[in-house]
Amino acid sequence: MTEPLGEIGRFAEPSLFILASLSEGPKHGYAIMADVEAISGGHLGPGTLYAALARLERRGLIEALEPEERRRPYRLTGLGASVLRAQLQGLSDFAKTGLERLGDAR
Amino acid sequence: MSSLLRLYPAAWRARYGEEFAELLAARAPSFRDRLDIIAGAVDARLRPQVGQDAHAHAPRDRSASVLVVVGGTLLTAWSVIGVLFVGPWEDPAVQRMLSASYASGLAGSVLVAAALLLIASRYDWSIGAAGAVGGVLTGSGLVFSSFGGGGVALLMILGGTVMLAWRLRGRLVGTVPALVLTVTTMLVVAAFLAVAANSWTDLTPFYLVLAYGPAWMLVGLDLRAPVRQLAVA
């Protein structure tokens, strides 16, 4: 399950944020960018956003909806939701183990 | 801003250009954003995700590819041994080589059939029902032909391959391997029919069979995971 994002290479991290952003509902490019910057606390450039969107769309993790004027919303697919869940679960397990070890070391 | 957009390939602009321009209009890009857009354009050219070039850069499907290449190699061995060691049929050495040829052909057919089943189950969303049915027909026809399927098996292989190659082209393999497989299959079926028509007295047309295994090897070497793309509205 982690493979679809693993093969995305350096776009794996922005892709994970994009999937997390779309998990609350469809959004267009600008809204995704603003939301990702809010939840990550970092900067997301337009070039990186669309490089990640193209990869996610091609792998069937997100899909484009009908354009609203000149903006096209994207939504998470069933596969995208499964991949996101597996990724977040993996991160959660990793965080739990890391925190437990930190606690043991103290 | 159109100057930055022009850095992207045409296929990318056709798919994302309008919404990308809208995004840049909504948030004027900073210097850092401009550098990010240039990097994005370079990425879109080096690793295309949309358009015709996307297929050539698609990841390979290793398991299906290995099955087809090994299957094609065994089918090549089947035809080479079969053509080299034709008659005298009663010679035990010739009989041994023909048994080896038969075993190689059967193993090659089973491997190619397994690969086609794998492709039909994995990528039916890309190649459609026609492609999946074509793959199953071709695979079962190949195995059936090893067990004396005769004309029916040949028809299954011919019809199945035409449907399969038509649906694989541009999705899982390039145009050239798809075309080579189709034409080779037609020639091989014609060769079998010609040899059968002359009651196996003139085996010359049988030399065409030599091209069949290599055609599958060519397809196997080019097999890629299909690109999942939505139609651009």
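Everything discussed here concerns the structure shown above.
Here the structure is a predicted model, which means the values were calculated and not measured. (Residues numbered from 1 in each chain as written. Chains lettered and ligands numbered in written order. Predicted model: local features only at pLDDT ≥ 70, side-chain atom pairs only at ≥ 80, totals over all residues.)

1. Overview of the overall build of chain A
Turning to step 1, where the next piece is worked out: Summing up its helical and strand segments, chain A has five helices and two strands in all.
Turning to step 2, where the next piece is worked out: Listed by position from the N terminus, the elements making up chain A come as α-α-α-α-β-β-α.
Turning to step 3, where the next piece is worked out: Considering only residue pairs separated by 6 or more positions, chain A has 51% of its internal contacts joining residues 24 or more positions apart. (Helix = DSSP H or I, 4+ residues; strand = E, 2+ residues; numbered from the N terminus. Contact = placed C-beta atoms within 7 Å.)

2. Quick notes on unusual backbone geometry
Residue and element names in this part refer to chain A.
Turning to step 1, where the next piece is worked out: A positive phi angle is found at Glu-69, which is not glycine, with a value near 55°.
Turning to step 2, where the next piece is worked out: Along the chain, Glu-69 turns up in the loop between strand S1 (62–64) and strand S2 (74–76).
Turning to step 3, where the next piece is worked out: Overall, Glu-69 belongs to the exposed group, with 9 C-beta atoms counted inside 10 Å. (Buried ≥ 20, exposed ≤ 12 C-beta atoms within 10 Å, placed from the backbone.)

3. Points about the environment of A:Ile8
All names here are of chain A.
Turning to step 1, where the next piece is worked out: For Ile-8, the location among the structural elements is in the loop between helix H1 (3–6) and helix H2 (12–22).
Turning to step 2, where the next piece is worked out: Taking the C-beta count within 10 Å as the criterion, Ile-8 has 20 such neighbours and is therefore assigned buried.
Turning to step 3, where the next piece is worked out: Separated by 48 residues in the primary sequence, Ile-8 and Leu-56 have C-alpha atoms spaced 8.4 Å apart.
Turning to step 4, where the next piece is worked out: Excluding residues that lie within four positions of it along the chain, Ile-8 makes contacts with Ser-15 and Arg-55.

4. Considering the nonpolar core
Turning to step 1, where the next piece is worked out: Ranked by internal contacts, the top residues of the largest apolar core, which has 45 residues, are B:Val68, B:Val112, B:Ala115 and B:Val219.
Turning to step 2, where the next piece is worked out: Looking at this core, the elements with two or more residues in it are helix H5 (62–84), helix H6 (92–122), helix H7 (124–146), helix H8 (150–168), helix H9 (175–197) and helix H10 (212–222) of chain B.
Turning to step 3, where the next piece is worked out: The greatest single-element share of this core, amounting to eight residues, is contributed by H8(B).
Turning to step 4, where the next piece is worked out: Apart from residues no more than four positions distant in its own chain, B:Ala115 is found in contact with B:Ala64, B:Leu67, B:Val68 and B:Gly71.
Turning to step 5, where the next piece is worked out: With 35 residues, the next largest nonpolar core counts A:Tyr50, A:Leu84, B:Phe20 and B:Leu23 among its residues. (Core = buried A, V, L, I, M, F, W, Y, C linked by C-beta atoms within 7 Å.)

5. Things to note about the interface of chain A and chain B
Turning to step 1, where the next piece is worked out: The interface is formed by 24 residues belonging to chain A together with 28 residues belonging to chain B.
Turning to step 2, where the next piece is worked out: Counting only elements with at least two residues in the side of chain A that touches chain B, the list comes to helix H3 (29–40), helix H4 (46–58) and S1 of chain A.

6. Observations concerning H10(B)
Along an α-helix, a turn takes 3.6 residues, which lines up residues three or four apart on a common side.
All names here are of chain B.
Turning to step 1, where the next piece is worked out: The buried fraction of H10 is high, at eight of eleven residues.
Turning to step 2, where the next piece is worked out: Every buried residue of H10 is listed here: Tyr-212, Gly-213, Ala-215, Trp-216, Leu-218, Val-219, Gly-220 and Asp-222.
Turning to step 3, where the next piece is worked out: Residues of H10 that are buried in the fold lie against H5, H6 and H9.

7. Looking at the environment of B:Ala14
Turning to step 1, where the next piece is worked out: Relative to the helices and strands, B:Ala14 resides in helix H2 (residues 10–26).
Turning to step 2, where the next piece is worked out: Classification of B:Ala14 as partly exposed rests on a count of 13 C-beta atoms within 10 Å.

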